[in-house]
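Each chain, written out:
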Amino acid sequence: MSQPLAHWLAAAVANNGLDLNLSGVIETIAAACAELSGILRLAPIAGQTGLAGHTNVQGEAQKQLDVISNDIFIKHLRRNADISILVSEELDEALHLENQGRFMVACDPLDGSSNLDTNVTVGSIFSVLAVDPANPDLLQPGTRQLAAGYAAYGPATSLVLTFGPSTVCFTLDDTGTWQLSHDALVVPASSGEYAINTARERFWDAATTDYVTQNVAGETGPAGKRYNMRWVGSMVADIHRILMRGGIFLYPLDSENLKTGGRLRLLYEANPMAMLIEAAGGSATTGRGRILEVQPDDIHQRVAVIVGSKDEVERVNALYARQP
Ligand code: P6P
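Each residue is numbered by its place in its chain's sequence as written, counting from 1. Local features in a predicted model are, by the rule used here, given only for residues with pLDDT of at least 70; side-chain atom pairs are given and counted only at 80 or more, and totals for whole chains, interfaces and linings are based on all residues. Calculation of side-chain values draws on the structure's entire complement of heavy atoms; hydrogens and water are dropped beforehand.

1. Concerning the site of the ligand
Now for step 1: For this description, a residue counts as near a given molecule or strand if any of its non-hydrogen atoms is within 4 Å of it. Around the ligand, 13 residues are found, and the nearest of them are Asp-111, Asn-197, Met-235, Tyr-251 and Arg-263.
Now for step 2: Contact distances for the ligand include 3.0 Å between an oxygen atom and a side-chain N or O atom of Trp-231.
Now for step 3: The protein chains hide 83% of the 400 Å² of surface that the ligand would expose on its own.
Now for step 4: Judged by the proximity of its atoms to the pocket grid, the ligand belongs to the largest pocket.
Now for step 5: Only DSSP runs of H or I with at least four residues qualify as helices, and only runs of E with at least two residues qualify as strands; both kinds are numbered from the N terminus onward. Among the elements of the structure, β13 (248-251) and β14 (264-265) are those that each provide at least two residues to the shell around the ligand.
Now for step 6: Only Asp, Glu, Lys and Arg are considered charged, only Ala, Val, Leu, Ile, Met, Phe, Trp, Tyr, Cys and Pro nonpolar, and every remaining residue, Gly among them, polar. For the shell around the ligand, a count of residues per class yields 5 nonpolar, 4 polar and 4 charged. Any N or O atom pair separated by 3.5 Å or less is treated as a polar contact, with the protein-specific requirement of one donor-capable and one acceptor-capable atom, and with residues adjacent in sequence counted only for side-chain atom pairs. What sets the accessible areas is the Shrake-Rupley method with a 1.4 Å probe; for residues, cover comes only from the shown protein chains. With a 1 Å grid spanning the protein atoms alone, the term cavity applies to any set of points in which a 1.4 Å probe fits but cannot get out, the term pocket to an open set with protein on both sides within 12 Å along at least five of seven lines, and the term lining residue to any residue with an atom within 4 Å of a point. Whether a molecule lies in a cavity or pocket depends on its atoms, and more than half of them have to be within 2 Å of the grid points.

What follows is the structure, encoded as structure tokens:
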């Protein structure tokens, strides 16, 4: 099956009407991720897994590699004349590149970086939207994404990508080439695996509490089957598992994060993951509506994220529907 990303994109342009410039944007992002992969593999030796000594717009302590990753994305994106805007988790404001291109990239250059010093899988998450460079609309709902994806820096380095109709996966080979490894990922509708940070149980709303309680009850409870729980603390790792074998990932609104609108960011975490999961046959909700239909009001807006196997997401939605 292996087929280089460049060949796969060229075939999509030739046979499926993929916009040539959009395919170029993906090649640019893929090159940034390939460069970052090489740096991450050697970071412990280079002494780069520590703190950078300042905080980002999210109020989070930045790691050296957060800054390095963001700089790598800026370097690569600036070289592509079709990309005029970068929204990054690591930048307070949108960065207007010197280009007059008609594409905007929203990204989390290194998601899960708090895991770096423990060598856990981390990732780069990205979303591509169309903009008028003269008057760019930064606050578009996820339904307007042209492409979305992530790189997962784990035992293998994966690039998972969608333009809408399907979700595909490439793996970085030892020559630095992305090779097609999965040509159509499908999230099974049913699953016995859920991912949530159970240390937050005291903050949960009734719907979340009921859902987890039902899962813990297993065969003897209303779910009527046994569940297992996984929580990596790195969204890319959890979502990759769900795309590979099913499951559900929950970071709901709770009594503590309610004041900030949730934990995960809409433009460059929730929306791209929602597009990937839906393109693979799964569902993506805030508990009160489809993630992709949320109208952003800020580039760093946070939102509740409940995504994965359709049957599981529907159980959660039914519990929210009963909640006042
Ligand atoms: P918690 C990493 O910081 C992140 O943004 C996601 O990758 C991850 O799923 C989540 O936060 C983990 O949050 O509250 O469990 O540390």
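2. Remarks on empty space enclosed by the protein
Now for step 1: Grid points are joined across faces, edges and corners, and a volume is the space filled by probe spheres set on the points. Counting across every chain of the model gives 1 cavity of 30 Å³ or more.
Now for step 2: Its volume calculated, the largest cavity comes out at about 40 Å³.
Now for step 3: Contributing to the lining of the largest cavity are Ile-196, Asn-197, Arg-200, Trp-204, Trp-231, Leu-250, Tyr-251, Pro-252 and Asp-254.
Now for step 4: Partitioned by chemical class, the residues of the lining of the largest cavity number 6 nonpolar, 1 polar and 2 charged.

3. Considerations on the pairing of strand β1 (residues 51-55)
Now for step 1: Remark: exposure states derive from per-residue accessible area (1.4 Å probe, protein chains only) relative to the maximum for the residue type, with buried under 20%, exposed over 50%, and partly exposed in between. Where burial is concerned, little of β1 is hidden: 0 out of the 5 residues are buried.
Now for step 2: Alignment of β1 against strand β2 (residues 61-63), held across 2 bridges, turns out to be antiparallel. Of the residues in β2, the one forming a bridge with Thr-55 is Ala-61.
Now for step 3: At least two bridges found by DSSP between two strands is the condition for calling them paired. Hairpin remark: β1 followed by β2, antiparallel, with 5 residues in the connecting loop; positive phi at Gly-59, about 80°.

4. Overview of the side chain of Asn-271
Now for step 1: Here Asn-271 is to be found in helix α6 (residues 266-279).
Now for step 2: Among the residues examined, Asn-271 registers a relative accessible area of 2% and is labelled buried.
Now for step 3: Only heavy atoms matter for contacts: two residues are in contact if any of them lie within 4.5 Å across the pair. With residues up to four places along the chain from it excluded, the contact list for Asn-271 reads Gln-140, Pro-141, Gly-142, Gln-145, Leu-266, Ile-291 and Leu-292.

5. Notes on the nonpolar core
Now for step 1: Side-chain atoms within 4.5 Å link the members of a nonpolar core, which is a set of buried Ala, Val, Leu, Ile, Met, Phe, Trp, Tyr and Cys residues. By size, the foremost hydrophobic cluster in this structure holds 44 residues, and its most contacted members are Ile-29, Val-105, Val-128, Leu-161, Phe-163, Phe-170 and Trp-178.
Now for step 2: Per element, the largest residue contribution to this core is 11 residues, and it comes from helix α2 (residues 20-46).
Now for step 3: Once residues lying within four places of it in the same chain are set aside, the contact partners of Phe-163 are Trp-8, Leu-9, Leu-18, Leu-22, Ile-26, Leu-146, Ala-147 and Met-275.
Now for step 4: Counting 41 residues, the second-largest nonpolar core is a separate cluster that includes Ala-106, Ala-195, Ile-239 and Ala-284.

6. Regarding the layout of surface pockets
Where empty space is left becomes clear once a probe the size of a water molecule has been rolled over the atoms.
Now for step 1: Taken as a whole, the largest pocket spans an internal volume of roughly 430 Å³.
Now for step 2: Looking at the lining of the largest pocket, the elements that each hand over two or more residues are β2, β5 (103-111), β13 and β14.
Now for step 3: Per-class residue counts for the lining of the largest pocket are 8 nonpolar, 9 polar and 10 charged.
Now for step 4: Reported domain spans reflect what an automatic or database domain assignment gives. Here the lining of the largest pocket gathers at least three residues from each of two domains, domain 1 (5-182) and domain 2 (193-321).
Now for step 5: What the second largest pocket holds in volume is close to 280 Å³.
Now for step 6: Surrounding the second largest pocket, 16 residues form its lining, Leu-40, Arg-41, Asn-119, Tyr-153 and Gly-154 being those nearest its centre.
Now for step 7: Top contributing element to the lining of the second largest pocket by residue count: α2, with 5 residues.
Now for step 8: Along the lines of polarity and charge, the residues of the lining of the second largest pocket split into 9 nonpolar, 6 polar and 1 charged.

7. Topic: a negative patch on the surface
Now for step 1: Patch membership is restricted to residues that have no salt bridge and whose relative accessible area is over 30%. Joining uses 9 Å for like charges and 5 Å for the nonpolar side chains Val, Leu, Ile, Met, Phe, Trp and Tyr. Every case where a carboxyl oxygen of Asp or Glu lies within 4 Å of a side-chain nitrogen of Lys or Arg is listed as a salt bridge. The charged-residue count follows a simple rule in which Lys and Arg add positive charge and Asp and Glu add negative charge, with His and chain termini not counted at all. Charge coordinates come from a single atom per side chain, which is NZ of Lys, CZ of Arg, CG of Asp or CD of Glu. Together, Asp-92, Glu-93, Asp-297 and Asp-298 make up a region of like negative charge exposed at the surface.
Now for step 2: Here Asp-92 is to be found in the loop between β3 (83-88) and β4 (95-96).
Now for step 3: Judged by relative accessible area, which is 47%, Asp-92 ranks as partly exposed.

8. Re the packing of helix α4 (residues 206-217) against helix α7 (residues 310-322)
Now for step 1: Helix axes are fitted only over the stretch in contact, all axes being lines through C-alpha atoms; the angle between N-to-C directions runs from 0 to 180 degrees. Closest axis-to-axis distance for the α4/α7 pair is 8 Å, and the angle between their directions is 135°. By the angle between their axes, α4 is oblique relative to α7. Of the two possible hands of crossing, α4 and α7 adopt the one that is right-handed. Residue-level contacts link Ala-207, Thr-208, Asp-210, Tyr-211, Gln-214 and Asn-215 of α4 to Glu-312, Arg-315, Val-316, Leu-319 and Tyr-320 of α7.
Now for step 2: Of the residues belonging to the contact of α4 with α7, the class tally is 5 nonpolar, 3 polar and 3 charged. Each angle gets one of four labels, with under 35 degrees taken as roughly parallel, over 145 as roughly antiparallel, 65 to 115 as roughly perpendicular, and the rest as oblique. Should the near helix be turned anticlockwise from the far one by less than a right angle, the crossing is termed left-handed; should it be turned clockwise, right-handed.

9. So, the domain arrangement of the chain
Now for step 1: Per the domain assignment, the segments making up the chain are domain 1 (5-182) and domain 2 (193-321).
Now for step 2: Counting residues at the interface gives 49 residues for domain 1, matched by 33 residues for domain 2.
Now for step 3: Regarding the contact of domain 1 and domain 2, the summed buried area is about 2,800 Å², with carbon and sulfur atoms giving 64% of it.
Now for step 4: Reported buried area values correspond to the accessible surface (1.4 Å probe) lost by two parts on association, with both partners' losses combined. Contact with domain 2 buries surface across domain 1, with Ile-125, Leu-139 and Tyr-150 losing the most and accounting together for 21% of the total.
Now for step 5: Where domain 1 packs against domain 2, one counts 1 salt bridge.
Now for step 6: Mapped onto the side of domain 1 that touches domain 2, the elements with two or more residues apiece are β3, β5, β6 (122-130), β7 (147-153), β8 (157-162) and β9 (167-172).
Now for step 7: The leading source of residues in the side of domain 1 that touches domain 2 is β7, at 6 residues.
Now for step 8: A per-class count over the side of domain 1 that touches domain 2 returns 25 nonpolar, 18 polar and 6 charged.

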